[in-house]
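Observations on the three-dimensional arrangement
Below, each chain spelled out in residue letters.
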Amino acid sequence: MAKILKFKPKLTESEKFSLVRSEAIYTGLALAGLIIFWLIAGFGLSNVDVKIFHLPLWAIMGSIGVWLFAIFASYILSHKLFKDIDLGGDENDK
């Protein structure tokens, strides 16, 4: 089957820099969210007396929970917020 190619308009340099800047801001906000989740999941649950496989809940949420949160944030960033654009420069590299 033939793939349908999507038309990608040419962006000006200022539009490219604006898009890259917004993606950097989204990434910084995701990092801030990850740090806040880590603080709440690790230190916030330290007084909870729940154990899973003989490990305290704060240890699991502070490690595996943060890892899962990072995967979720990366998925949202890459599929919803980032845009695939041609930054140029490939023609001159060959």
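Anything mentioned here points back to the structure above.
A short tour of the structure in this document, coming up. (Residues numbered from 1 in each chain as written. Predicted model: local features only at pLDDT ≥ 70, side-chain atom pairs only at ≥ 80, totals over all residues. Heavy atoms only, no water.)

1. Points about the overall build of the protein
Test applied: Strands are runs of DSSP state E lasting at least two residues, helices are runs of H or I lasting at least four, and both sets are numbered from the N terminus onward. Categorising residues by exposure relies on relative accessible area from a 1.4 Å probe, with only protein chains included: less than 20% of the type maximum marks a residue as buried, more than 50% marks it as exposed, and the intermediate range marks it as partly exposed. Note on definitions: a residue-residue contact is assigned when non-hydrogen atoms from the two residues lie within 4.5 Å. Here, Shrake-Rupley sampling with a 1.4 Å probe gives the accessible areas, and only protein chains in the shown set may cover a residue.
Looking only at helices and strands, the protein features three helices and two strands. Each helix (α) and strand (β) of the protein, taken in turn from the N terminus, gives the series α-β-β-α-α. Looking at the protein residue by residue over its 94 residues, the buried ones come to 14%. Put simply, of all contacts in the protein between residues at least 6 apart along the chain, 67% involve residues at least 24 apart. When the accessible surface of the protein is totalled, it reaches about 8100 Å², and 68% of it is carbon and sulfur.

2. Some words on the packing of aromatic side chains
Short version of the rule: A pair of Phe, Tyr and Trp rings is counted when the ring centres sit within 6.5 Å of each other, with Trp represented by its six-membered ring. The angle between the planes then sorts it: under 30 degrees is stacked, over 60 is edge-to-face, the rest tilted.
The tally for this structure, following the rule as stated, stands at two aromatic pairs. Ring geometry for F37 and F69: centres 4.7 Å apart, planes at 5°, overall stacked. Separated by 32 residues along the polypeptide, F37 in helix α1 (residues 13–43) and F69 in helix α2 (residues 57–81) bring together distant segments of the chain. Given a relative accessible area of 23%, F37 falls into the partly exposed group. Their ring planes at 80° and their centres at 5.5 Å tell us that W38 and F43 sit as a pair that is edge-to-face.

3. Some details on α1
We count it as follows: Each residue after the first adds 1.5 Å to the expected span of a helix.
Look at α1: 44 Å from first C-alpha to last across 31 residues, which is about the 45 Å you get at 1.5 Å a residue. For α1, the complete set of buried residues consists of K16, L19, E23, A30, A41 and G42. Its buried side turned inward, α1 meets α2.

4. Considerations on the packing of α1 against α2
Under the convention used in this document: For helices, the fitted axis covers only the stretch in contact; all axes are lines through C-alpha atoms, and the angles between them, taken along N-to-C directions, range from 0 to 180 degrees. If an angle is under 35 degrees, it is roughly parallel; if it is over 145, roughly antiparallel; if it lies from 65 to 115, roughly perpendicular; otherwise it is oblique. A crossing counts as left-handed when the near helix is turned anticlockwise from the far one by less than a right angle, and as right-handed when that turn is clockwise. Each residue gets one of three labels, nonpolar for Ala, Val, Leu, Ile, Met, Phe, Trp, Tyr, Cys and Pro, charged for Asp, Glu, Lys and Arg, and polar for the others, Gly among them.
Their axes nearest at 9 Å, the elements α1 and α2 cross at an angle of 160°. Judged by the inter-axis angle, α1 sits roughly antiparallel to α2. α1 and α2 meet at a crossing whose hand is right-handed. Side by side, α1 and α2 meet where E23, Y26, T27, A30, G33, L34, F37, W38, A41 and G42 of the first sit next to W58, M61, G62, G65, V66, F69, A70, A73, L77 and L81 of the second. Of the residues assigned to the contact of α1 with α2, the class counts are 14 nonpolar, five polar and one charged.

Shape descriptors only; they carry no functional weight alone.
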